[in-house]
Number of protein chains: 2
Amino acid sequence: MSIHPENPLAPLFDSGDFDAIRDMAQDLHSADIAEHLSQFDADDAVVMLATLPIERQAEIIDYCELEYRLKLAQELGAQRLAALMNQMSHDDRVDILKALPEKLANQTLQAMAQVEREDIRRLASYPEGSAGAIMTTEYAIVQPELTVQQAIEKLRREAPMKETINRAYIVDEQRRLLGSVKLQTLILSSAQDRVSDIMEQHTHAVRIDDHQEYVAQQIAKYDVIALPVLDAEDRLVGIVTHDDAMDVLQQETTEDFHKTGTVGKLSGSILHASGWLLYRKRISWLVLLVFANIFSGAGIAYFEDTISAYVALLFFLPLLVGSGGNAGSQSATLMVRALATGEVVLKDWSRMLGRELLVAAGLGLTMALAVSLLGVFRGGPEIALVVALTMVLVVMVGSLIGMSLPFVLSRFKLDPATASAPLITTIADAMGVIIYFSIATYILVL
Amino acid sequence: MSIHPENPLAPLFDSGDFDAIRDMAQDLHSADIAEHLSQFDADDAVVMLATLPIERQAEIIDYCELEYRLKLAQELGAQRLAALMNQMSHDDRVDILKALPEKLANQTLQAMAQVEREDIRRLASYPEGSAGAIMTTEYAIVQPELTVQQAIEKLRREAPMKETINRAYIVDEQRRLLGSVKLQTLILSSAQDRVSDIMEQHTHAVRIDDHQEYVAQQIAKYDVIALPVLDAEDRLVGIVTHDDAMDVLQQETTEDFHKTGTVGKLSGSILHASGWLLYRKRISWLVLLVFANIFSGAGIAYFEDTISAYVALLFFLPLLVGSGGNAGSQSATLMVRALATGEVVLKDWSRMLGRELLVAAGLGLTMALAVSLLGVFRGGPEIALVVALTMVLVVMVGSLIGMSLPFVLSRFKLDPATASAPLITTIADAMGVIIYFSIATYILVL
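Notes on the structure follow.

### Here we look at the relation of the copies chain A and chain B
Then comes step 1: Rotating chain A by 180° and moving it 0.0 Å along the rotation axis overlays it on chain B with an RMSD of 0.3 Å. Such a combination of rotation and displacement between the chain copies is what one expects of a two-fold axis.
Then comes step 2: Interface residue correspondence from chain A to chain B reaches 100%, placing this contact among same-surface, isologous pairings.

Printed below as a string of structure tokens:
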């Protein structure tokens, strides 16, 4: 971790001017302070944080990366951490406590009020990656029988404890979700109206065990600021907010990206990841693909006689097998992304097959034309024919594999993103070698 | 376009039961209706839409994909479209008008009120991909000298014309942004307070010509529902809302994804894209890479004597050059994504270089170990030595290229995502051929 030369906190901290730090904090957004602060060692950061009001400290910590939050937590100690946790957003504090060493986590929990402790324990019990794990319990509820005026007064009283009161949820006595109402609607209604008369009844909700990516996609689909989360008995247990949904989408996309490059799941910053971690995330696919490539080698060895007789064939080997892999990578990329966004589903495969083959034939013919002149020039008309025929076939086979593999993986409940460019290239290489030398043997030797 | 068998509108439409369609619409979210409706031909959809109130029609059209919206617009005709446009969100209606045939667009504009027409013309003038092009002009403003009570009354009056009043912006007489205030803060303040006393002064804003991806990242960073947009004179001209930011992030990510698979920019659905469109988006990179692969072929041709003398070398060719490409693709993927999310910036390259070489050396040694036994078995100890040495080197060179190319592209203001797996593989292949046969010639022949 190093401090950027333009970090505005650096000169103030070096000269010990804590009043100036407090003043500067008033002019900056907490997200920006979090960014500057994260460049300092945690023990220095904790000293600077202490100059600010406790609500502000909590807000800044909420904006730090999880890794850094953990370092801060360990510097703060159980007592101060517990005081801060009372101010932090409910979903973020659970993430911290789950990652802390057990002893510190327990001490911190002990230092908190009973009701907060129970809230944390409940949120911590939901599995990683579920709606329960990313939701917050700081939502506003109002009863259907309240008048608009009573509802607004209730929201005014409770606002300081809630993440947002832009929308309040209406529940019955068993806490089952009846509907919701925007703060804006309450303001626009007359004071004596009943909440039950003005509420929106068809409030879209998700289930506590829904996958976080699904929840985020629902928030994007319905353009809402938050979605309520229900348990198995239809009771309201939390809300997921749009900012957490955005984070989830970013994080899931990064995972997909890495997978398409055969890199394992990396949590935390790539900038600060250790070499050993990166090694472990990369080695397994590399070794697997080495052995997969043996098929190509075996293919070449099998056709040794043809190759020895027509060494000129080797010149075209890289561009022919490469083209199959490249066309396949294109097809796979298109399908992996379309499956991830939900734009395409399993049953669409057969609908798109015909078009894919047509496109691939077109691509193959164009590329065959491009190389056949080179074929005549370097090997004569017979080799040119072999090269052109091979090109059309490898591009079609490569595209077909690239387009289909994501669907096959998806069909067997595996992640389509596993159909990475390197994997497709390796498969296409082996097919390419066999196609190329089979055609060559048939035309030139027999 | 085909109608899904479970589409709830299908039986109602077939039996001509339009009352039932209207009833069903009351129970469904507009996003869901849009989804069901989009499966119908536009002329049928327009008939069904006509059964609903005009505000609802506009909301449903807002949720349709742009492609489908255009089809609806053409069915609706200028008069009905103009009436609907008065109800639609300001950013969405501009997108439609920009894409409509000029004659229909002009007729529609003529049928709208002067003030709406000017708003559309102004929004339409901002370049594609800028903050101006995705912002809306339906934000709420209040003057700093108003009391809380006056501000709330103003918001109540104007709410029906605004996209959101959750936050109101405070501007001076020249419309320069002074700050902002949450509706929630207004509700919590006492009626006689001045807006200037309770507003948040440091409201983060973006510029009208900022890139849409930057704007979306700012919304994600600051966890806000909307960001104000300023012109060159610091005047407030619009806001970008969180739902549009989410769409931008999704769309930019899809573009990046496609680029890493060497597929050109595709707007609209892959499911309904024409074969000819897909051909055009794929052919240029494929042909380019064919010619790049000629370097590998030339490398092989150059070492023909060595190969003829030691044909066993060919067996290892695919796995050696493949490994360089695979390791390079991993490194490129990590960097392309980290640069896209802003986690890593240009100057971080040198910091990460040492770690990359160390990791690559570790990967190369592991893979060399994995194949050297195979080398002894198939070619004897000398070939095993050649293969092992080559493996370490190609993995290191491939990783170095894969890691550095995204930075080089970024340095020259090109998109780092151009460093696609197929491009890296092609470069690594050529390097691999040269490294392999150079080492082989040196150890075996000389």
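### Thoughts on a nonpolar patch on the surface
Then comes step 1: The grouping of A:Val408, A:Phe412 and A:Leu414 at the surface amounts to a nonpolar patch, some 310 Å² of accessible area in total.
Then comes step 2: Inspection of the secondary structure puts A:Phe412 in the loop between helix 20 (381–411) and helix 21 (421–445).

### Observations regarding the sheet that holds strand 3 (residues 177–182) of chain A
Two pairing modes exist for strands in a sheet, parallel and antiparallel, and in both the strands are linked by backbone hydrogen bonds.
All names here are of chain A.
Then comes step 1: What the three strands build is an open sheet, ordered 1-2-3; its pairing is mixed. Edge positions in the sheet fall to strand 1 (140–142) and strand 3, since each of these pairs with one other strand and no more. Sheet twist, expressed as the average angle between the axes of neighbouring strands with direction ignored, equals 35°.
Then comes step 2: Bridge count between strand 2 (residues 167–171) and strand 3: five bridges; the pairing is antiparallel. When the sheet's bridge partners are listed, valine 171 is paired in strand 3 with leucine 177.
Then comes step 3: Each of strand 1 and strand 2 is contacted by helix 11 (residues 148–158), which is oriented at about 155° to strand 1, the strand it contacts most.

### A word on the interface of chain A and chain B
Then comes step 1: Residue-level contacts link 115 residues of chain A with 115 residues of chain B.
Then comes step 2: Taking both sides of the interface into account, the surface hidden between chain A and chain B amounts to around 10,000 Å²; carbon and sulfur atoms contribute 66%.
Then comes step 3: Its largest share of buried area at the contact with chain B, chain A owes to A:Met246, A:Phe257 and A:Arg282, together 8% of the area lost on that side.
Then comes step 4: A:Arg282 is paired through a salt bridge with B:Glu356; the nearest N and O atoms lie 3.2 Å apart.
Then comes step 5: Viewed at the interface, chain B and chain A are joined by 34 residue pairs in polar contact (both at pLDDT 80 or more).
Then comes step 6: When grouped by side-chain class, the residues that make up the side of chain A that touches chain B number 58 nonpolar, 39 polar and 18 charged.

### As for the environment of A:Ile61
All names here are of chain A.
Then comes step 1: Assignment of secondary structure puts isoleucine 61 in helix 5 (residues 54–63).
Then comes step 2: Assessed through its relative accessible area of 4%, isoleucine 61 is described here as buried.
Then comes step 3: When the C-alpha positions of isoleucine 61 and glycine 364 are compared, they lie 55 Å apart, and in sequence the two are 303 residues distant.
Then comes step 4: Those residues in contact with isoleucine 61 that sit more than four places away from it in its chain are Leu49, Arg69, Leu72, Leu76, Leu84, Met88 and Ile96.

### Digging into the nonpolar core
Then comes step 1: Counting 126 residues, the largest nonpolar core has A:Leu72, A:Leu100, B:Leu72 and B:Leu100 as its most contacted members.
Then comes step 2: The contact partners of A:Leu72, leaving out residues within four places of it in the chain, are A:Ala42, A:Ala45, A:Val46, A:Leu49, A:Ile61 and A:Cys64.
Then comes step 3: Within the second largest apolar cluster, 107 residues are counted, among which are A:Ile300, A:Ala301, B:Tyr279 and B:Val392.

### Notes on the side chain of A:Thr108
Residue and element names in this part refer to chain A.
Then comes step 1: Within the element layout of this structure, threonine 108 appears in helix 8 (residues 102–110).
Then comes step 2: Taking the relative accessible area as the measure of exposure, threonine 108 reaches 0% and is therefore buried.
Then comes step 3: Those residues in contact with threonine 108, other than ones at most four positions away along the chain, are Ala78, Leu81, Ala82 and Leu97.

### Re the sheet that holds strand 2 (residues 167–171) of chain B
Residues and elements named next belong to chain B.
Then comes step 1: Here three strands make up an open sheet; going across it, the order is 1-2-3 and the pairing mixed. Two strands in the sheet have a free side with no partner beyond their single neighbour: strand 1 (140–142) and strand 3 (177–182). Ignoring strand direction, the axes of neighbouring strands in this sheet form an average angle of 35°.
Then comes step 2: Where helix 11 (residues 148–158) meets the sheet, its contacts fall on strand 1 and strand 2, and the angle it forms with strand 1 comes to roughly 155°.

### Focus on the pattern of salt bridges
Residue and element names in this part refer to chain A.
Then comes step 1: Applying the stated rule across the entire model yields 36 salt bridges over all chains.
Then comes step 2: One salt bridge in this structure joins glutamate 158 and lysine 154, with 2.9 Å as the shortest N-O distance. Here the residue glutamate 158 and the residue lysine 154 both occupy positions in helix 11, the gap between them amounting to four residues, near one helical turn.
Then comes step 3: Look at lysine 154 and you get buried, because its relative accessible area is 12%.
Then comes step 4: Linking aspartate 415 and lysine 259 is a salt bridge whose minimum nitrogen-to-oxygen distance equals 2.7 Å. Of this pair, aspartate 415 sits in the loop between helix 20 and helix 21 while lysine 259 sits in helix 15 (residues 242–260), and the two are 156 residues apart along the sequence.
Then comes step 5: On the basis of relative accessible area, lysine 259 is assigned to the partly exposed category, the value being 29%.
Then comes step 6: What you see here is one network of salt bridges that share partners, running through Arg93, Glu116, Asp119 and Arg122.

Thresholds applied
- Per chain, residue numbering runs from 1 following the sequence as it is written.
- Whichever chain is written first is A, and whichever ligand is written first is 1; the rest continue in order.
- With pLDDT at 70 or above as the cut-off, local features in this predicted model cover only qualifying residues; side-chain atom pairs require 80 or more to be listed or tallied, and sums for whole chains, interfaces and linings still use all residues.
- The basis for the side-chain values is all heavy atoms of the structure; hydrogens and waters are excluded.
- Least squares is the method used to superpose the copies, on C-alpha atoms of residues holding a pLDDT of at least 70 in both.
- Here, two residues are considered to be in contact whenever any of their heavy atoms come within 4.5 Å of each other.
- Residues qualify for a patch when their relative accessible area is over 30% and they have no salt bridge, like charges being joined within 9 Å and the nonpolar side chains of Val, Leu, Ile, Met, Phe, Trp and Tyr within 5 Å.
- Working definition of accessibility: Shrake-Rupley area with a 1.4 Å probe, residue cover restricted to the visible protein chains.
- Whenever a carboxyl oxygen of Asp or Glu lies within 4 Å of a side-chain nitrogen of Lys or Arg, that contact is scored as a salt bridge.
- Only DSSP runs of H or I covering at least 4 residues are called helices, and only runs of E covering at least 2 are called strands; the numbering of each starts at the N terminus.
- A pair of strands is labelled paired if DSSP reports no fewer than 2 bridges between them.
- A fitted line through C-alpha atoms represents every axis, and for helices the fit uses only the stretch in contact; the resulting angles, taken between N-to-C directions, go from 0 to 180 degrees.
- Buried area is calculated as the accessible area (1.4 Å probe) missing from two parts once they are joined, with the contributions of both summed.
- For this analysis, a polar contact is any N or O atom pair within 3.5 Å, provided that within protein one partner can donate a hydrogen and the other can accept it, and provided that sequence-adjacent residues contribute only side-chain to side-chain pairs.
- Following the grouping adopted for this structure description, the nonpolar residues are Ala, Val, Leu, Ile, Met, Phe, Trp, Tyr, Cys and Pro, the charged ones are Asp, Glu, Lys and Arg, and the polar ones are all others, Gly among them.
- Exposed residues in this analysis have more than 50% of their type's maximum accessible area, buried residues have under 20%, and partly exposed residues fall in between, with area computed by a 1.4 Å probe over protein chains only.
- Put simply, buried Ala, Val, Leu, Ile, Met, Phe, Trp, Tyr and Cys residues joined by side-chain atoms within 4.5 Å make one nonpolar core.

Remember, this is a structural readout, not a statement about activity or role.
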